[in-house]
Amino acid sequence: MYPKSIEELIKSLTELPSLGPKSAERIALHLLDKPHKIEQLIKAVKNLEKVGYCDKCNSYTEKKICSICENPQREKNKICVVEEPHQADIIEKSGIFKGLYYVLHGSIAPLEGKNPQDLKVDKLIKRIKEDHIKEIILATNQEFTLHYMVKLLKNFKVKVSCLAKGIPVGGNIEYVDELTLKEAFKGRREV
Ligand SMILES: [Zn+2]
């Protein structure tokens, strides 16, 4: 079979999401053929060390505050809450929302051992209290997370809205097309 170094790389690649053994093998052999790509990849991966979480919204950023939170053009009194950073990215690309985001970094799934205390809500509460937030849009249709967030936010003087139907219950915004997402945003209702 392959030398140990190749086998080890294939094994590491297989541990990445969505990469089966065949694809991992293909990538490993490709890199072996193109040494300049190895350097490029090492540099790109190393650069990830610069990435941290935004102090305000928990999105990924290389600075203390992310570019969206820093942008004076954004509607600063609206916050769209998402479970994971890439969901904010999907909404951003749709262009439907001009406010700010907040990333929970998780969802509640009791059967998987994911509980309310696993959600990062502390900075959101701080922002509601300090930043004159008028509306919180919960861009999740994950039942437990939605229920918990609605209950939590009822304690504060802020309008809380959910996305309109169109997004399957328990489903995620990443599984809907852009038009459905836009409609769900436009038709959001207060809870
Ligand atoms: Zn931010």
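Just so it is clear, the structure is predicted and the values come from calculations on it, not from any experiment.

(A) Inspection of the packing of helix α5 (residues 85-94) against helix α8 (residues 178-186) at higher detail. Relative to each other, α5 and α8 sit at 90 degrees, their axes nearing to 10 Å. Classified by the angle between their axes, α5 and α8 sit roughly perpendicular to one another. Contacts between α5 and α8 involve Ile90, Ile91 and Ser94 on the former and, on the latter, Glu178, Leu181, Lys182 and Phe185. Residue classes in the contact of α5 with α8 are distributed as four nonpolar, one polar and two charged.

(B) Up close: the coordination of the zinc ion. Bound to the zinc ion on the protein side are Cys54 (SG), Cys57 (SG), Cys66 (SG) and Cys69 (SG), at distances that span 2.3 Å. Around the zinc ion sit four donor atoms; with metal-centred angles ranging over 107 to 116 degrees, the donor geometry is tetrahedral. Between consecutive donor residues of the zinc ion, the sequence gaps follow C-x2-C-x8-C-x2-C. On the accessibility criterion, cysteine 66 (5% relative accessible area) is buried.

(C) How the structure looks around the domain arrangement of the chain. For the chain, the domain assignment lists domain 1 (4-50) and domain 2 (57-190). Placing a centre on the C-alpha atoms of domain 1 and another on those of domain 2 gives a separation of 34 Å.

(D) Focus on the sheet that holds strand β6 (residues 159-162). A sheet is described by the order of its strands in space; here five strands give the open sequence β4-β3-β5-β6-β7, paired in mixed fashion. Looking at strand neighbours, the two that pair on one side only are β4 (100-103) and β7 (189-190), the edges of this open sheet. Strands in contact with helix α7 (residues 143-153) are β3 (78-82), β5 (135-138) and β6; relative to β5, the strand with the most contacts, it is inclined by about 170 degrees.

(E) Quick peek at α5. Within α5 the residues assigned to the buried category are Pro85, Gln87, Ala88, Ile91 and Ser94. For α5, the secondary structure elements touched by its buried residues are β2 (60-61), β3, β4 and α8.

(F) Seen up close, helix α2 (residues 21-33). Between its terminal C-alpha atoms α2 stretches 18 Å, which fits the 18 Å expected from 13 residues at 1.5 Å a residue. Those residues of α2 not exposed but buried are Ala24, Ala28 and Leu31. Projection of α2 onto a plane perpendicular to its axis shows the buried side chains occupying an angular sector of 65 degrees, all on one side. Turned more than 90 degrees away from the buried face of α2 sit Lys22, Arg26 and Asp33, all of them exposed.

(G) Representation of the pairing of β4. Because side chains alternate across β4, one face comprises the buried residues Leu100 and Tyr102, and the other comprises Tyr101 and Val103, equally buried. Across four bridges, β3 lies against β4 in parallel orientation. Within the sheet, the bridge partner assigned to valine 81 lies in β4 and is tyrosine 102. Regarding topology, α5 serves as the crossover connection from β3 to the parallel β4, and that connection is right-handed.

Rules used throughout
Residues numbered from 1 in each chain as written. Predicted model: local features only at pLDDT ≥ 70, side-chain atom pairs only at ≥ 80, totals over all residues. Heavy atoms only, no water. Axes fitted to C-alpha atoms, helices over the stretch in contact; angles between N-to-C directions. Helix = DSSP H or I, 4+ residues; strand = E, 2+ residues; numbered from the N terminus. Parallel < 35°, antiparallel > 145°, perpendicular 65-115°, else oblique. Contact = heavy atoms within 4.5 Å. Nonpolar A, V, L, I, M, F, W, Y, C, P; charged D, E, K, R; others polar. Donors = N, O, S within 2.8 Å, 3.2 Å for Na, K, Ca; no water. Tetrahedral: all angles 85-135°; square planar, octahedral: opposite > 155°, others 65-115°. Buried < 20%, exposed > 50% of the residue type's maximum accessible area, 1.4 Å probe, protein only. Domains from an automatic or database assignment. Pairing = 2+ DSSP bridges. Expected span 1.5 Å × (residues − 1). Arc of directions from axis to C-beta. Right-handed = clockwise from strand over helix to strand, strands pointing away.

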